[in-house]
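These are the residues of each chain, in order.
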Amino acid sequence: MKTVPLGTSGRQVPNVVLGLMRIQQMDDDAVRELVRTARDAGIDFVDHADVYGDALHGCERRFAEAMQLTPSQREELTIQSKAGIVREGPYFDFSFDHLVSSVEESLKALDTDYLDVLLLHRPDALVEPDEVARAFDHLESTGKVRSFGVSNHTPGQIELLKKSVRQPLVANQLQLSITHAPLVAQGVAANMAGLDQSAGRDGGLLDYCRLHDITVQAWSPFQAGFFTGVFLGSENYPELNAVIDRLAAKYDVPAIAIATAWITRHPAGMQVVLGTTTPERVAGAAQGSDIPLTRAEWYELFRAAGYTVP
């Protein structure tokens, strides 16, 4: 399993992350098998959020109940969670009170004293950077959170936070897959009049993260679009799947590993966040971490997904 630096912290973390947003209904043995499979593959980084589960903190609580981590086992894991979404609204809340109370409830649900990483979960249009800074300072000084980041934030939104926040923002969790790749595709087709792919929609977000040492965490790495189903094996992507299958045979890995490799091959040093609850898919996806796709193969996958390469 390859590792990447987490922001400017100097900490090396695996470039594949186990996302635990769908474990609420799994029994103890199933949760343990899922985590054990990930650990065997070299994945010691798990991703949570307060809103994951049937009830608030439901998946965090299910994880803790099933795993019953000892202090030494806890130290072996990087546990990340997210806060800021008020699900019953729905709306967003980056106020001091909401962020602090959400983290405290996450710690209680996870049965741990600290989070390794806290992400702001989607932008809050009513954000007050001074409030976020106060929350981060409190959470850091009390030892409840060690590192901070964001999710789905633009360069301008990050710069606004940095006006007040003194901690480095180590990660930005963003949707990215071969078929949902505007982060990458716009730059490839820059300045091509009349081509929708060339339209800038994120302010150069990927390049911004690279320039500022912010680790991109790719969520929904196998989704065709915004929760529109997976592209692997889909009849909607025959050309792409033909290329994936050929490369999977060449590298002697399952198809899902090629989908992972397309992201981890990128020199930005991204992390792939797996949302599957199937151990076999976790193991298969993790194999992509070490596949050295050539430039020709990477671009072939990109073109087969429907993107223009001038």
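Calculation criteria
- Numbers given to residues run from 1 along each chain, matching the order in which its sequence is written.
- Totals for whole chains, interfaces and linings use all residues, but because this is a predicted model, local features are given only for residues with pLDDT of at least 70 and pairs of side-chain atoms are given and counted only at 80 or more.
- With hydrogens and water stripped out, all remaining heavy atoms of the structure feed into the side-chain values.
- Only DSSP runs of H or I with at least four residues qualify as helices, and only runs of E with at least two residues qualify as strands; both kinds are numbered from the N terminus onward.
- Taken over C-alpha atoms, the radius of gyration is set against a globule rule of 2.2 Å times the number of residues to the power 0.38.
- Whether two residues are in contact is decided by their heavy atoms, any of which lying within 4.5 Å being enough.
- Residue burial considers only the protein chains on display, and all accessible areas are found by Shrake-Rupley using a 1.4 Å probe.
- Multiplying 1.5 Å by the residue count of a helix minus one yields the expected span of that helix.
- A 1.4 Å probe rolled over the protein chains alone gives each residue an accessible area, and that area as a share of the maximum for its type sets the label: buried under 20%, exposed over 50%, partly exposed in between.
- Working note: the arc is built from the helix axis to C-beta atom directions.
- Nonpolar cores were defined as sets of buried Ala, Val, Leu, Ile, Met, Phe, Trp, Tyr and Cys residues, with membership established by side-chain atoms within 4.5 Å.
- Polar contact criterion, stated in full: a pair of N or O atoms within 3.5 Å, where within protein one must be able to donate a hydrogen and the other to accept it, and residues adjacent in sequence count only if both atoms are side-chain atoms.
- Whether two strands pair comes down to DSSP finding at least two bridges between them.
- Between N-to-C directions, angles cover 0 to 180 degrees, with each direction set by a line fitted to C-alpha atoms, over the stretch in contact for helices.
- Whenever Lys or Arg places a side-chain nitrogen within 4 Å of a carboxyl oxygen from Asp or Glu, that contact is recorded as a salt bridge.
- UniProt positions are given in the numbering used here, feature names are shortened, and annotations may be inferred rather than shown by experiment.

- Looking at an unreviewed UniProt entry, one finds the chain named Aldo/keto reductase and attributed to Isoptericola haloaureus.

**Regarding the overall build of the chain**
Line of reasoning, step 1. Tallying secondary structure elements over the chain gives 12 helices and 12 strands in all.
Line of reasoning, step 2. Taken over the C-alpha trace, the chain has a radius of gyration of 19 Å; the compact-globule value for 310 residues is 19 Å, and the two agree within 12%.
Line of reasoning, step 3. Each principal axis of the C-alpha atoms in the chain carries an extent, and together these give about 50 × 45 × 35 Å.
Line of reasoning, step 4. Taking the intrachain contacts of the chain between residues at least 6 apart in sequence as the baseline, contacts between residues at least 24 apart amount to 73%.
Line of reasoning, step 5. Of the roughly 13500 Å² of accessible surface on the chain, 49% is carried by carbon and sulfur atoms.

**Overview of helix H9 (residues 238-251)**
Line of reasoning, step 1. The end-to-end C-alpha distance of H9, which contains 14 residues, comes to 20 Å, matching closely the 20 Å that a straight helix rising 1.5 Å per residue would cover.
Line of reasoning, step 2. Listed in full, the buried residues belonging to H9 are Leu240, Asn241, Val243, Ile244, Leu247 and Ala248. The buried residues of H9 occupy an angular sector of 160° when projected down its axis, which confines them to one face. Of the residues in H9, the exposed ones pointing more than 90 degrees away from the buried face are Pro238, Glu239, Ala249 and Lys250.
Line of reasoning, step 3. Residues of H9 that are buried make contact with helix H10 (255-264) and helix H12 (295-304).

**Some details on the nonpolar core**
Line of reasoning, step 1. Of all hydrophobic cores here, the largest spans 89 residues; its most connected members are Leu18, Phe63, Leu118, Leu176, Trp262 and Leu301.
Line of reasoning, step 2. In terms of residues, this core owes the most to one element, H10, which gives 7 residues.
Line of reasoning, step 3. Excluding anything up to four places from it in sequence, phenylalanine 63 contacts Leu20, Ile23, Val35, Val46, His48, Leu69, Leu77, Ile79 and Leu110.
Line of reasoning, step 4. Listed in part, the 10 residues of the second largest apolar core include Val17, Val117, Leu119 and Val170.

**Describing the side chain of glutamine 173**
Line of reasoning, step 1. Tracing the backbone through its elements, the reader meets glutamine 173 in strand E10 (residues 169-175).
Line of reasoning, step 2. For glutamine 173, the side chain forms a polar contact with the side chain of aspartate 47, separated by 3.3 Å.
Line of reasoning, step 3. At a separation of 2.9 Å, a polar atom in the side chain of glutamine 173 contacts the side chain of glutamine 217.

**Concerning the sheet that holds strand E4 (residues 45-47)**
Line of reasoning, step 1. Pairing within the closed barrel is parallel, and its 8 strands lie in the order E3-E4-E5-E8-E9-E10-E11-E12. Here the strands of the sheet are splayed against their neighbours by 30° on average, with no regard to which way each runs.
Line of reasoning, step 2. Contacts between helix H5 (residues 129-141) and the sheet are confined to strand E8 (115-121), strand E9 (145-151) and E10, with E9 contributing the most and set at about 150° to the helix.
Line of reasoning, step 3. Sheet strands in contact with helix H6 (residues 155-162) are E8, E9 and E10, and its direction is about 155° off that of E10.

**What to know about the environment of threonine 37**
Line of reasoning, step 1. As for its position among the elements, threonine 37 is in helix H1 (residues 28-40).
Line of reasoning, step 2. In this structure the C-alpha to C-alpha distance between threonine 37 and valine 145, which are 108 residues apart in sequence, comes to 27 Å.
Line of reasoning, step 3. The contacts of threonine 37, once residues within four sequence positions are left out, are Pro279 and Ala283.
Line of reasoning, step 4. Polar side-chain contacts of threonine 37 include one of 2.8 Å to the backbone oxygen of glutamate 33.

**Quick notes on the pairing of E9**
Line of reasoning, step 1. Taking burial as the measure, the 7 residues of E9 include 6 buried ones, the bulk of the element.
Line of reasoning, step 2. Here E8 runs beside E9; their pairing, made up of 6 bridges, is parallel. Counterpart to valine 117 in the pairing with E9 is serine 147.
Line of reasoning, step 3. The pairing of E9 with E10 spans 3 bridges and is classified as parallel. Looking across to E10, one finds that valine 150 is bridged to asparagine 172.

**So, the pattern of salt bridges**
Line of reasoning, step 1. By the definition in use, this model includes 16 salt bridges.
Line of reasoning, step 2. Ionic pairing is found between glutamate 105 and lysine 108, a salt bridge with its closest N-O pair at 3.4 Å. Here the residue glutamate 105 and the residue lysine 108 both occupy positions in helix H4 (residues 96-110), the gap between them amounting to 3 residues, near one helical turn.
Line of reasoning, step 3. The exposure class of lysine 108 is exposed, given its relative accessible area of 59%.
Line of reasoning, step 4. One network of salt bridges, with partners in common, ties together Arg11, Arg74 and Asp116.

**Some remarks on helix H2 (residues 58-67)**
In an α-helix there are 3.6 residues to a turn, and that puts residues three or four apart on one side.
Line of reasoning, step 1. For H2, the buried fraction is high: 8 of the 10 residues fall into the buried class.
Line of reasoning, step 2. Of all the positions in H2, only Gly58, Cys59, Glu60, Arg62, Phe63, Ala64, Ala66 and Met67 are classed as buried.
Line of reasoning, step 3. Just past H2, the residue glutamine 68 takes up positive phi, approximately 45°.

**Quick look at the UniProt feature "domain: NADP-dependent oxidoreductase" (unreviewed entry) in the chain**
Line of reasoning, step 1. As annotated by UniProt and renumbered to match this structure, "domain: NADP-dependent oxidoreductase" (unreviewed entry) occupies residues 16-300.
Line of reasoning, step 2. As annotated, residues 16-300 has a helix share of 41% and a strand share of 16%, and its two end C-alpha atoms lie 23 Å apart.

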